[in-house]
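Structural overview for review
If you want the building blocks of each chain, they are given just below.
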Amino acid sequence: MDSYSEETVVENVDAPTYVPSIPVPNVQELVRKDPVHVPERYVRNQEDRTQVNEIPHLSSEIPVVDLSLLSTGDVKELNKLDLACKDWGFFQVVNHRVPKEVLQNMKNATTEFFELPLEEKNKYAMPSDDIQGYGHAYVVSEEQTLDWSDALILVVYPTQYRKFKFWPSIPEGYTEIIDTYSKGVKNVGKELLRSISTIMGMDKDAFLGLHNELQALRMNYYPACYRPDHVLGISPHSDTSTITILMQEDQINGLQIKHNGGWVPVNPVPDALVVNVGDVIEILSNGKYKSIEHRAVTNENKARISYASFICPLDHVEVEPLDHLLDSQSPNKMYKKVRYGDYLRSSMKRRMEGKAHTEMAKVEI
Ligand SMILES: O=C(O)CCC(=O)C(=O)O
Ligand SMILES: [Fe+2]
């Protein structure tokens, strides 16, 4: 990988462009007009149906790590993080120091935004040549089964990449609220990457400066669904990020992760943040840490909103397994060197389909 510094200077100040997505109907509007009908385009085939292969009793085993202990280098907590990244690829973080009020402001303002009339939200509509704004991503064919959700997607860091035309000014103060929340998440990401650097046998600052740089926020709105068993809020996928930090609602379940071949719900822990290992860490660690498939299911009576912050390298960064992590158990690199920007764009050209997009980085055997 490239060299690191605390604040990487972004030479190209033009925000990068991303692969566009085919426009599809607004799901919230669809439900508003006809709450008791699920159009054919959203209906999953039998094996992808929600309740197949769910293992809810494992939920309580998903690790919960204490960031304040990690920050002090607590060995027991670092070991817990190591196991969480190896065995689960997911964990919840408590004592993360993002004030409760910051989390709550973000939830309140975003709920208000999604409740605005469609014309108002469409002032921030995702254009045909970008994935930022209000709309849908990862729709690449008219035939694909669609997700039961709408999203607002923004690049928040580096600040030069911000496109404020997509940042809603209603409700009042929303722009500042997103900024404050994202700053808090950025700090959590920094602390976590220090700990992940440590458990990967590197200097604790090895990740910083690089992975601090690009942070994108995706706010997912999953309307209530008359037949939650027939649809998925978000299709199974792994994240292309280094790590993802997700805030979910305290009362409403939706996120499920793949574990032991089944789907385990991530029950909300109040005020905790859910973190998952992304593809970049899977590649760097030569598969020791796993970027786990996950999905979101919907609810019959309640809408749910989730807030995913993707912390990623900048486009020019080259990612490949770290030599010092090759050992007698896995002496060969399972992934080849990829330029992150190419990896990300290639994933965006396909629909979300489990881990299919990671093939691009796999060494052919
Ligand atoms: O809504 C959730 O809990 C999951 C969202 C997610 O996986 C994503 O936005 O990548
Ligand atoms: Fe995800």
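Residues numbered from 1 in each chain as written. Chains lettered and ligands numbered in written order. Predicted model: local features only at pLDDT ≥ 70, side-chain atom pairs only at ≥ 80, totals over all residues. Heavy atoms only, no water.

If you check an unreviewed UniProt entry, the protein appears there as 2-oxoglutarate (2OG) and Fe(II)-dependent oxygenase superfamily protein from Melia azedarach.

Of all residues adjacent to ligand 1, which total 14 residues, the nearest are N220, Y222, H294, R304 and S306. At a separation of 3.4 Å, an oxygen atom of ligand 1 approaches a polar side-chain atom of R218. One nitrogen or oxygen atom from the side chain of N220 is found 3.0 Å from an oxygen atom belonging to ligand 1. Considered on its own, ligand 1 offers 300 Å² of accessible surface; in the complex 98% of this is hidden by protein. Comparing atom positions with the cavity grids shows ligand 1 to sit within the largest cavity. Elements represented by at least two residues in the shell around ligand 1 include exactly β5 (214-222), β6 (234-237), β11 (294-296) and β12 (304-312). If you tally residues by element for the shell around ligand 1, the top one is β12, at four residues. Classifying every residue of the shell around ligand 1 gives seven nonpolar, four polar and three charged. (Near = heavy atom within 4 Å. Polar contact = N/O pair within 3.5 Å; in protein donor to acceptor, adjacent residues only side chain to side chain. Areas by Shrake-Rupley, 256 points an atom, 1.4 Å probe, with all protein chains shown as cover. 1 Å grid on protein atoms, 1.4 Å probe; cavity = no way out; pocket = protein on both sides within 12 Å on 5 of 7 lines; lining within 4 Å. Sits in = over half its atoms within 2 Å of the grid points. Helix = DSSP H or I, 4+ residues; strand = E, 2+ residues; numbered from the N terminus. Nonpolar A, V, L, I, M, F, W, Y, C, P; charged D, E, K, R; others polar.)

On to the sheet that holds strand β3 (residues 133-135). Pairing is mixed across the open sheet formed by eight strands, whose spatial order is β1-β2-β10-β7-β12-β5-β4-β3. Each edge of the open sheet is held by one strand with a lone partner, namely β1 (64-66) and β3. Between one strand axis and the next, the sheet turns by 25° as a mean value, whatever way the strands run. Bridging between β1 and strand β2 (residues 90-94) involves three bridges; their strand directions are parallel. Among the inter-strand pairings, V64 is bridged to a residue of β2, identified as Q92. (Pairing = 2+ DSSP bridges. Axes fitted to C-alpha atoms, helices over the stretch in contact; angles between N-to-C directions.)

For the iron ion (ligand 2), every protein donor is listed as H237 (NE2), D239 (OD) and H294 (NE2), and the spread of their distances is 2.1 to 2.3 Å. Motif for the iron ion (ligand 2), donor spacing along one chain: H-x1-D-x54-H. Taken together, the positions of D239 in the loop between β6 and β7 (243-247) and H294 in strand β11 put the pair 55 residues apart, joining distant regions of the chain. Neither residue differs from the other here; D239 and H294 are each classed as buried. (Donors = N, O, S within 2.8 Å, 3.2 Å for Na, K, Ca; no water. Buried < 20%, exposed > 50% of the residue type's maximum accessible area, 1.4 Å probe, protein only.)

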